[in-house]
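Chain residues, written in single-letter form:
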Amino acid sequence: MQAAKPRVKTARDRLLSQFYIAFALMSIIPLLICCYLITVKFFTLSILEGLNGFYFLLAVAFSILGLVIGQLLLRNVVQQLVQANVKLEQFHQMQDAFVHNVTHELRSPLTIIKGALDNLADGLHGTLTADQLEPLMMSQRETARLKRIVGDLLDVSSVEAGKLRLVHAPVALQDCLQGVAKSCEGLAKERGLSVTTELPPAPVTIMGDRDRLNQVFINLVVNAIKFTERGGIHIRLTDHGDAAQIDIADTGRGIPSEDLERIFDKFERVGPTHQDGSGLGLPIARGIVELHHGRIWAESRVGQGSRFVVRLPHGP
Ligand code: ADP
């Protein structure tokens, strides 16, 4: 004979039992008040004799009935709320799976389109005139943008589903940040901005995924460039013993204090949004940093600039 499986307590069961305990405690309070009033002789049991006693008992019976009916009604409401919550959660999961599948399916055709456009631009199918080159380059730019968005959507859904796998290896942060500064220099120059670094002479190494950390720092520096009109971007690395800290500061438009946390949520963009972007870079960055057991946050003064801080422990 098969042994009955022990029932696993779900979040729904836990919520319901908490509700019962709360309700039981609530019911005890009027009883305790009655006991207290009798104890301090506010009223004595003798007043319960005769007609008064009958009324009192009737009142007690009605109160108990009220409590029981109230409990049934409240339990019903709580159950409906819990069910609605479960449905919402399921819907959310289905939506995430849908986004993941669609973006996954989009990746291959996009790669093929990009390859074909690159071949055309490289003159593999004959020399192109200036008139033909212009729309071709526009298509290349837009395809690259679409590829970035698809990549970001895939990353964010992997982070949320806990499916983003890191390859841990020693990462020399000086090398990594120098590389990031170099690769963003061109974009900064185009906008008349400088990119400077301040790195300690002693090597600072952490265990982590170099490519993913690169992605985080590049995103922060590119954002800093995007939202800065004049001045520059400063990348600083400091060793705090148990953790390394990377500060990426800019002299840009800044972020209002009430938005400093919100910008790490999916699709959140604040201020004028004429800049290219999907609102996914910071949630992905936070996901990657947290997978390294680190922290990321932003500090800012509107009109003066922002500072994004990444703290990464040395160990895995
Ligand atoms: P995206 O840059 O694609 O819009 P992100 O998630 O990287 O998405 O950033 C979210 C929002 O945070 C940006 O749209 C912008 O409003 C704000 N933000 C990020 N970095 C900065 C910065 N350095 N200065 C000012 N605002 C910023």
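Note that the structure is predicted; figures quoted are calculated from it, not measured.

Quick one: what's the story with the overall build of the protein, residue by residue and with numbers?
Within the protein one finds six helices and seven strands. Element order for the protein, N to C, with α for helix and β for strand: α-α-α-β-α-β-β-α-β-β-α-β-β. Computed over C-alpha atoms, the radius of gyration of the protein comes to 31 Å, more than 25% over the 20 Å expected from 2.2 N^0.38 for 316 residues, which places it beyond the range of a compact globule. When its C-alpha atoms are laid out on the principal axes, the protein stretches across 110 × 50 × 50 Å. Expressed as a percentage of its 316 residues, the buried residues of the protein come to 29%. Here the protein has roughly 20,300 Å² of accessible surface; of this, 62% comes from carbon and sulfur atoms. Computed over 33 positive and 32 negative side-chain charges, the inter-centroid distance for the protein is 6 Å.

Explain the domain arrangement of the protein to me, and be specific about the residues and the numbers.
Each assigned domain of the protein is listed with its residue range as follows: domain 1 (11-89), domain 2 (95-161) and domain 3 (169-313). Measuring from the centre of the C-alpha atoms in domain 1 to the corresponding centre in domain 3 gives 56 Å.

Please set out the site of the ligand residue by residue, giving values where relevant.
Surveying the vicinity of the ligand reveals 22 residues, the closest of which are N223, R269, V270, S278 and L282. Within the side chain of N223, an N or O atom sits 2.8 Å from an oxygen atom of the ligand. R269 has a polar side-chain atom sitting 2.8 Å from an oxygen atom of the ligand. Protein chains shield 98% of the accessible area of the ligand, which is 540 Å² for the free molecule. Taken together, the elements giving at least two residues each to the shell around the ligand come down to α5 (210-226), α6 (281-291) and β7 (305-313).

Cut-offs used in this document
- Residues numbered from 1 in each chain as written.
- Predicted model: local features only at pLDDT ≥ 70, side-chain atom pairs only at ≥ 80, totals over all residues.
- Heavy atoms only, no water.
- Helix = DSSP H or I, 4+ residues; strand = E, 2+ residues; numbered from the N terminus.
- Rg over C-alpha atoms; globule rule 2.2 N^0.38 Å.
- Buried < 20%, exposed > 50% of the residue type's maximum accessible area, 1.4 Å probe, protein only.
- Areas by Shrake-Rupley, 256 points an atom, 1.4 Å probe, with all protein chains shown as cover.
- Lys, Arg positive; Asp, Glu negative; His and termini not counted.
- Charge placed at Lys NZ, Arg CZ, Asp CG, Glu CD.
- Domains from an automatic or database assignment.
- Near = heavy atom within 4 Å.
- Polar contact = N/O pair within 3.5 Å; in protein donor to acceptor, adjacent residues only side chain to side chain.

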